[in-house]
Amino acid sequence: MRSLLLASAFALGLCGPVMAADVLEAAPTTEWTWQGFYAGAFGAGTLEHYKIREPNIGADVTHNVGSPTVGGFVGYNFQSGNIVYGLEGELGYRFKKGHFHDVPGPGDLDESLGLFGSVKGRVGMEMGGVLPYLTAGVTASQLKTNAIGFAERNGTAVGGIVGAGLDVPLTHNVFLRGEYDFSFFGKKTFDYCGGGCVLQHTAQTHDFRVGLGLKF
């Protein structure tokens, strides 16, 4: 799954400039500007990386989980010459639940990140109509865990998000987006039995996204 995600991202990077040139040749003659409000939706392939530690015995395990992801975004751009900058919010859902059988202590554990949201600053440079950009901000995700035979524990994992992408205009107000995002979440500690059954959870995600946006 990880190889498939990386191959898809590489193919997107190769095809982006060629596709952008073709789109711009067919685009309306009306001058395009990135200034203003916009909104859209995206689909993604996500690689989730979990680390689970039992601090009382000093043991830990790591696991990778591939997940389909969907979501939406809304934002506002300012444009000064070729420089475009703004703020964007997003909300999405990662569907895959991880099932782990080697967790120190309980042995079997289910874990997922599920619902998530982010607020990101963006800055990019318009290059022949297309917009390559960088992003950075804060993110939060609903962390759900279930130590089989013990208890279920849920919480909100908060962390940072950084990424890079390319927006390509299709018509005078519709654009195509390709984006990669890396999210890293802080440690969450759950007690599953009222003392002595403690697990510490940390997580990271790699999102490879394709989206469609509408500029207002």
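Scroll up to find the structure this text is about.
Here's what I pulled together on the structure shown here. Sequence order as written defines residue numbering, which begins from 1 separately in each chain. This being a predicted model, a pLDDT of at least 70 is required before a residue's local features are given, and a value of 80 or more before pairs of side-chain atoms are given or counted; all residues contribute to the totals for chains, interfaces and linings. Remark: hydrogens and water are excluded; side-chain values derive from all non-hydrogen atoms of the structure.

Description of the packing of aromatic side chains
Two rings from Phe, Tyr or Trp (for Trp, the six-membered ring) form a pair when their centres are within 6.5 Å of each other. A pair whose planes differ by under 30 degrees is stacked, one over 60 is edge-to-face, and the rest are tilted. Applying the stated criterion to the full structure yields 11 aromatic pairs. Between Tyr38 and Phe175, the aromatic rings sit 6.0 Å apart at their centres with planes inclined by 75°, giving edge-to-face as the arrangement. Residue Tyr38 is found in strand E1 (residues 36–54), and its partner Phe175 is found in strand E9 (residues 174–191); the two are separated by 137 residues along the sequence. The same class applies to Tyr38 and to Phe175, which are both buried. Between Tyr93 and Phe95, the aromatic rings sit 5.1 Å apart at their centres with planes inclined by 70°, giving edge-to-face as the arrangement. Labels follow the DSSP assignment, with helices taken as runs of H or I lasting at least four residues and strands as runs of E lasting at least two, numbered in each case from the N terminus. Burial classification: accessible surface area is computed with a 1.4 Å probe over protein chains only, and a residue below 20% of its type maximum counts as buried, one above 50% as exposed, and the rest as partly exposed.

Comments concerning the side chain of Asp181
As for its position among the elements, Asp181 is in strand E9. A residue is classified by how much of its surface remains accessible, and Asp181, at 0% relative accessible area, is buried. Polar contact is the term for a pair of N or O atoms within 3.5 Å; when the atoms are in protein, one must be able to donate a hydrogen and the other to accept it, and sequence-neighboring residues count only if both atoms are side-chain atoms. Separated by 3.4 Å, the side chains of Asp181 and Arg209 make a polar contact. Two residues qualify as a contact provided that any one of their heavy atoms is within 4.5 Å of a heavy atom in the partner residue. Setting aside its immediate chain neighbours within four residues, Asp181 contacts Lys120, Thr135, Ile161, Val162, Gly163, Thr205, His206, Asp207 and Arg209.

Regarding the state of the cysteines
Disulfide assignment relies on a single distance test, namely cysteine sulfur atoms paired within 2.5 Å. Applying the stated criterion to the full structure yields one disulfide. Cys193 shares a disulfide with Cys197; S-S distance 1.9 Å. Residues Cys193 and Cys197 share a disulfide whose torsion about the S-S bond is about 95°; that sign makes it right-handed. The class for Cys193 is partly exposed, based on a relative accessible area of 37%.

A word on the pattern of salt bridges
Only one rule defines a salt bridge in this text: a Lys or Arg side-chain nitrogen within 4 Å of an Asp or Glu carboxyl oxygen. Following the criterion strictly, the structure yields 14 salt bridges and no others. A salt bridge links Glu88 to Arg122; the nearest nitrogen and oxygen atoms lie 3.8 Å apart. You can see Glu88 sitting in strand E3 (residues 83–94) and its partner Arg122 sitting in strand E6 (residues 115–125), a full 34 residues away along the chain. Each member of the pair, Glu88 as well as Arg122, carries the same accessibility label: buried. Arg209 is paired through a salt bridge with Asp207; the nearest N and O atoms lie 3.3 Å apart. Salt bridges sharing common partners tie together Glu88, Glu90, Arg94, Lys120, Arg122, Asp167, Arg177, Glu179, Asp181, Asp207 and Arg209.

Focus on the nonpolar core
Residues enter a nonpolar core if they are buried and are Ala, Val, Leu, Ile, Met, Phe, Trp, Tyr or Cys, with the set joined through side-chain atoms within 4.5 Å. Core analysis: the biggest nonpolar cluster contains 16 residues, and Ile52, Phe100, Val103 and Leu109 have the highest contact counts within it. Only E1, strand E2 (59–80), strand E4 (98–103), strand E7 (131–147), E9 and strand E10 (198–215) provide two or more residues apiece to this core. The contact partners of Phe100, leaving out residues within four places of it in the chain, are Tyr50, Ile52, His63, Val65, Gly107, Asp108, Leu109 and Glu111. Judged by nonpolar contacts, the second largest core, of 10 residues, contains Trp32, Phe42, Leu131 and Phe175.

Quick look at a nonpolar patch on the surface
On the surface, a nonpolar cluster with roughly 660 Å² of combined accessible area is contributed by Phe78, Ile83, Tyr85, Val123, Met125, Met127 and Leu134. Of all the elements in the fold, those that place two or more residues in the nonpolar patch are E3 and E6. The topology assignment puts Leu134 in strand E7. We classify Leu134 as exposed; its relative accessible area is 54%. Without a salt bridge and with relative accessible area above 30%, a residue can belong to a patch; like charges are then joined within 9 Å and nonpolar side chains (Val, Leu, Ile, Met, Phe, Trp, Tyr) within 5 Å. Surface exposure here means Shrake-Rupley accessible area, sampled with a 1.4 Å probe, where a residue is shielded only by the protein chains that are shown.

A few points about the environment of Gly98
Checked against the element boundaries, Gly98 lands in strand E4. Look at Gly98 and you get buried, because its relative accessible area is 3%. A sequence separation of 47 residues divides Gly98 from Thr145, and the C-alpha atoms of the two residues are 9.4 Å apart. Aside from chain neighbours lying at most four places away, what touches Gly98 is Val65, Leu109, Asp110 and Glu111.

Topic: the pairing of E1
Along any regular strand the residues' side chains alternate between the sheet's two faces. Note: two strands are recorded as paired if DSSP finds a minimum of 2 bridges between them. Of the strand pairs in this sheet, E1 and E2 are connected by 19 bridges, and their pairing is antiparallel. Paired with Phe42 across the strands is Gly71, a residue of E2. If you look at the hairpin formed by E1 and E2, you'll find four residues sitting between the two strands, and Gly58 has a positive phi there, around 70°. Bridge analysis of E1 against E10 gives 16 bridges, and the strand direction is antiparallel. Across the sheet, residue Tyr50 finds its bridge partner in E10, namely Ala203.

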